[in-house]
Every structure is written in structure tokens, then in C-alpha cells.
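Chains, contacts and geometry: an overview
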Amino acid sequence: MPSSTEAMVVYEDVSKFFPMRAQSGRKHRPELMVALDRVNATIRKGEFITLLGPSGCGKTTLLRLSAGLLAVDEGRITIAGTPVSQPRKDACTVFQDFGLLPWRTVLANVEFPLEIDGIFRAERRETARHFIDLVGLTAFAEHYPHELSGGMQQRVGIARALTRRPLLIFMDEPFGALDAQTREQLQEDFLRIWTQSGATVIFVTHSIDEALLLSDRVFVLATGPGRMRAIVESPLARERLDGDIRKHPEFATCRADLRQMLRSDGA
Amino acid sequence: MSSTGTTEPRKSVPAPKPNFAARMRQVAFSPNVIRTIAVATFFAIWEFYGRRMDPIFMAPPSAIFDAALQLIQSGALRKALIESLWPFAAGMTLTVILGIAIGVAIAQWRLVEYICDPFINALYAIPRIALVPLIILWVGLEFTGKVAILVSVAVFPIIVNTYAGIRDVRGSMLEIGRAYGATDAQIFFKIILPAAIPFIMAGVRLSVGLAIIGIIVAEFFTAISGLGGMIVEYANVFATAKLFVPIIVIALVGVVLTEIVMWAERRLSRWRTLERERL
């Protein structure tokens, strides 16, 4: 396994507040809703982490804070030793709705981050083609997003995130919009790509199976207020690449434990 | 397995051949055949009755054709066409640049929007034709006057559509740029502007139609040059056959220009139409 003891992402008492809907009566000072309350965790270099929890637990908020798309209100997040204040170029995001630019071909979409970096056309073409090959879309490089299936569009999203050879990949329920077969195929393919890339991955999901299948550790979040409930080591992490881990004896136990944990959340 | 294994699954089957009568019906009722017949009938009726009417009020197509040949040979038509098209080209260029610039400015900066809003709304409410005498008073009758009138008439759809197009860009699309560390300028040129292009092109198409009206109205007032001037001149002397020539030329120019813009619009907005068809 590529994970080492070196810390990649550190959360120190991270809190995030959102303004509440307007309340009647002006006597009270307006209050802020606590979306995330004092989250502490350390993610090691090369780890695959899933953020698991019911909707409203702040898992996406935590991801967006880590990506620098939202500002932390209390505490701090450091990536490779530096506090996060804005999106970092070595940390790339894969979006739930794929987030492709519809007027660009697959190739031009995958090139996008390198274009932002001001890399010359020939070089970024070559890099983009390499990653398009890697996600298995070689024949579709000149196609437009609307000509592709959802699964293929997300492959483009993954290729785009890889072009910068990032230290860190953020994934916000990337396979949530796909049908079951496509999702399984993409999970499998992404695991293979991830093992080769050595990147650290933070992956939001609400599927227990997906969390157990993909990650080294599962961060279980709870609602009301959003907070870290437990950090669970996946017993299957080392075997996930060979064969069907759903048949693994520990899979069922672990799954039941997680389900129990999510359920006792008072929801 | 329940398949028999002896027959291959069929990927396609031959379509039945239409019979002769059905094919003839298809040709006879094709839109272009019907259109051609309708137009030919229209001209035949016009020619027939046109010959019987007082030439002061009406001219048959044959007389108009003769008048057109005459105007082409004398060079009068060519001269008028250039006098109209040159300010048209200049005015249209200015309209597109100005329209997009204003649209972008009010869509991107709230301050600019709040400052410009009342003026744009007021100008939009006034029929711009009402401003024509004033514009002539300020900038004169010739080239500058025509350009100014054209811009005042044609610029609004581009402003409005550019604004709407930019405001329509979804937050999730801007987030792609932010997440990948794009600068504000990169987000504007690589995401906002391309996303707004289909709207802007629709504005340009509307604007071209208004610009043709603008230039002709300007020439009516000045009545000395261009195709509009030609119309007024021949109407004043009851040269009805000649009067039809600039009208037909304007119609042709209008059709050609609209086709060009629509072609460009289709090319630039292809992704959007295809994306929508998918949904």
C-alpha cells in the first residue's frame, strides 16, 4: 500500500458556520448554524479516505473546505504543512455532476487545468492524451461531453483531475449519478489508477459499500451539528484489488457496524 | 438458455420499398415544390393584374425587371448600395462591440448595473425612431448620422442578450474554474464568455434585422443617399417600377445577412443545441 506515516492533510478543530434563515423578531442577535463542529483528523500521504454520512452531516462542506472553495471559520486545515486558504493547483477535484465544459471536446476538457497553468499546446496535448488513454477513452478524444454516457463523462472528469499529477484528489460523490453496473466498473478502474498514481484521495459518499470497498479508512460523520463520529479502518483495504471483496467474511460485519453507527445518529 | 442457436440475432432488417405512387406524392408535396409553385403563382397574378393598373400605383414584375436593368447599367443602384452598405458595416461592427461591452459590464459589476439600469431602461422604452431627428441635429445627415441611428436602434438586443447569457452561467460551472485555480480573467475568457456565446449570437441575429430598419429610416430622413434615399426619391416622382428595385434589393440583402448570422450562430452554438436535445 502506498500510504506512509507522513501527514498529508491535517484537520485541527475545524468548524464551519452558515447563516440561518431569517428569523422573526429582531430582539435576538442573528445566530449562525453550525455546519461542522470541531473536526480533528490526520490523513497520511497516499491514503484513500472516504467521508461517509447521511445528507446534512457536512461531508461535502468538509471536502469543499479542504479544497479551498470555502473558508474555515474556526481551526485550520493544512495540506503538506501549509494552511489552506484557496484552491491549490496540486489538489484537483472530481465533481458529482462531472463538471465538464460542454463546448470543449474531451481532449480540450482534459487539457483545461494545463491551459490554466500556461503550458504549451503540444506538451499539454501529449499529457492529456496520456490520461485519456489511461481512463480508456482513446477513441473519444474528439467527442463532445453530450455525445458520451454518464460513466464516460466521469472518466473525462477523472482524467482531467489527473493531468496535473496532483498530490491530492477530492471527489464529491463522483459515482452517485451513475447506474449500478457503471458505478462498479468505475470504482474498480479508479482503484487501479489510484494505486499507480500514489495520490492521496478524499472521497465523499453516502454508500457504505462504496466506502468499505474503496478506502483505507472511513471517516464517519454525524448530523446536527455535523461532526466526526468515528474513524473506521477498512479491514479489506489490502485485498480490495484482488477479487470480489463483497465475499470477504469481514465485509458483512464491518458493513453492519457502519450501518448501526449511521442509524443510531438519531435520524 | 432458450435461444435455438440456429438463427443469428438480426441487427437490421431492410426497410419496405415505397411504391411509385407514394414516391410521386412525396415529391409533389415536398415543401420546396409547394413553395416554388406558390411564389410562381404570386408573380403570375401580379404580372396579370399589374399590367392593367395605373403605372403610378403599381408596376408589374416585368416593368420592375426592366427598371432594375436600367438602374444597374446607369450605376445608380451600385452607388446607392455602397452608400447604404458602408455605414451599415461600420454601424453593425460598432453595435456588436458596444453591445457586448455594455452587456458584459452590467452583468459583471453590480455597481455598473445599478448606475446604467435607469438609462438603459429609459432608452429602451422610447421608440428609437423618435430620437432620429435629434440624432440628425447632433451629428448630421451623412455617414455619421446613419451610423449613430443604426447603433441606437440595433444595440439593445445585444446588450440584453449578453447580460442574460452571462447571468445564465451556472455557479457550478464557475466553480470548475475556481477549483482548478483559474484567475478571474481566465474564468471570464475560458468559461463565462464561451458559455454566453449562444445568447450573444441570438442577440446579434435580432440586431441585424433592426439595423436594416435603422439604416433605411436614417436614409428616409436624409433622403439624399443610399437605398432608402432612392425609395423616397422615386416615390416623390411616382416612378413606381423603379421604386420597387431598392425594396427588392433590401429584401435580398436582409435575407443574405440573416442567413450568414444564422449560419455563424448554428456553428458557435452547436454544443448547446445538442446538449439540450439530449435532455
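Everything numeric here is computed off the predicted structure, so don't read it as measured data. (Residues numbered from 1 in each chain as written. Chains lettered and ligands numbered in written order. Predicted model: local features only at pLDDT ≥ 70, side-chain atom pairs only at ≥ 80, totals over all residues.)

Description of the packing of helix H6 (residues 132–139) of chain B against helix H7 (residues 143–167) of chain B
Residue and element names in this part refer to chain B. Heads up, the rule is: A fitted line through C-alpha atoms represents every axis, and for helices the fit uses only the stretch in contact; the resulting angles, taken between N-to-C directions, go from 0 to 180 degrees. Only runs of H or I of at least four residues qualify as helices and only runs of E of at least two qualify as strands under DSSP, and these elements are numbered from the N terminus. For any helix crossing, the convention is left-handed if the near helix is rotated counterclockwise from the far helix by under a right angle, and right-handed if that rotation is clockwise. Any pair of residues counts as being in contact when their C-beta atoms, constructed from backbone geometry, are within 7 Å of one another. Charged means Asp, Glu, Lys or Arg here, nonpolar means Ala, Val, Leu, Ile, Met, Phe, Trp, Tyr, Cys or Pro, and polar covers whatever is left, Gly included.
The contact between H6 and H7 brings their axes to 9 Å, and the two run at 145°. Pair H6 / H7 crosses with right-handed handedness. Of the residues in H7, those touching H6 at Val-132, Ile-135, Ile-136 and Val-139 are Thr-144, Gly-145, Ala-148, Ile-149 and Ser-152. For the contact of H6 with H7, the per-class residue count stands at 6 nonpolar, 3 polar and no charged.

Here's the deal with the environment of Phe244(B)
Mapped onto the elements, Phe244(B) comes out in helix H11 (residues 240–268). Spatially, the C-alpha atoms of Phe244(B) and Leu141(B) are 24 Å apart, while their sequence positions differ by 103 residues.

So, the nonpolar core
In summary, soluble globular proteins display a tendency toward joint burial of nonpolar side chains. Stated formally: Among buried residues, those of type Ala, Val, Leu, Ile, Met, Phe, Trp, Tyr and Cys that are joined through C-beta atoms within 7 Å form a set called a nonpolar core. Residues with at least 20 other C-beta atoms within 10 Å of their own are called buried, those with 12 or fewer are called exposed, and the rest are partly exposed. The C-beta atoms themselves are positioned from the backbone.
Residues Ile169(A), Val201(A), Leu150(B) and Ala211(B) are the most contacted members of the largest nonpolar core, which totals 130 residues. Per-element accounting of this core gives the leading share, 14 residues, to helix H9 (residues 184–222) of chain B. Beyond its immediate chain neighbours, meaning those up to four positions away, Ile169(A) contacts Cys92(A), Val94(A), Ala161(A), Ala199(A) and Val201(A).

Considerations on the pairing of strand S7 (residues 168–172) of chain A
Remark: a regular strand shows side chains that alternate across the two faces of the sheet. Residue and element names in this part refer to chain A. Applied cut-off: Strand pairing follows a simple DSSP-based rule, namely that at least 2 bridges must link the two strands. Crossovers are described as right-handed under a simple rule: with the strands pointing away from the observer, the path leading from the first strand over the helix to the second runs clockwise.
With respect to burial, S7 is a largely interior element, 5 of its 5 residues being buried. The alternating pattern of S7 places Leu-168, Phe-170 and Asp-172 on one face and Ile-169 and Met-171 on the opposite face, and all of these are buried. Across 4 bridges, the pairing between strand S6 (residues 91–94) and S7 is parallel. Directly across from Cys-92, in S7, lies its bridge partner Ile-169. Two strands pair when backbone bridges link them, and S7 and strand S8 (residues 200–205) are joined in this way by 5 bridges, in the parallel orientation. Opposite Leu-168, over in S8, you have Thr-200 as the bridge partner. Since S7 and S8 lie parallel, the crossover through helix H5 (residues 180–197) that links them has a hand, and here it is right-handed.

Scope: geometric values only; no functional claims are made or implied.
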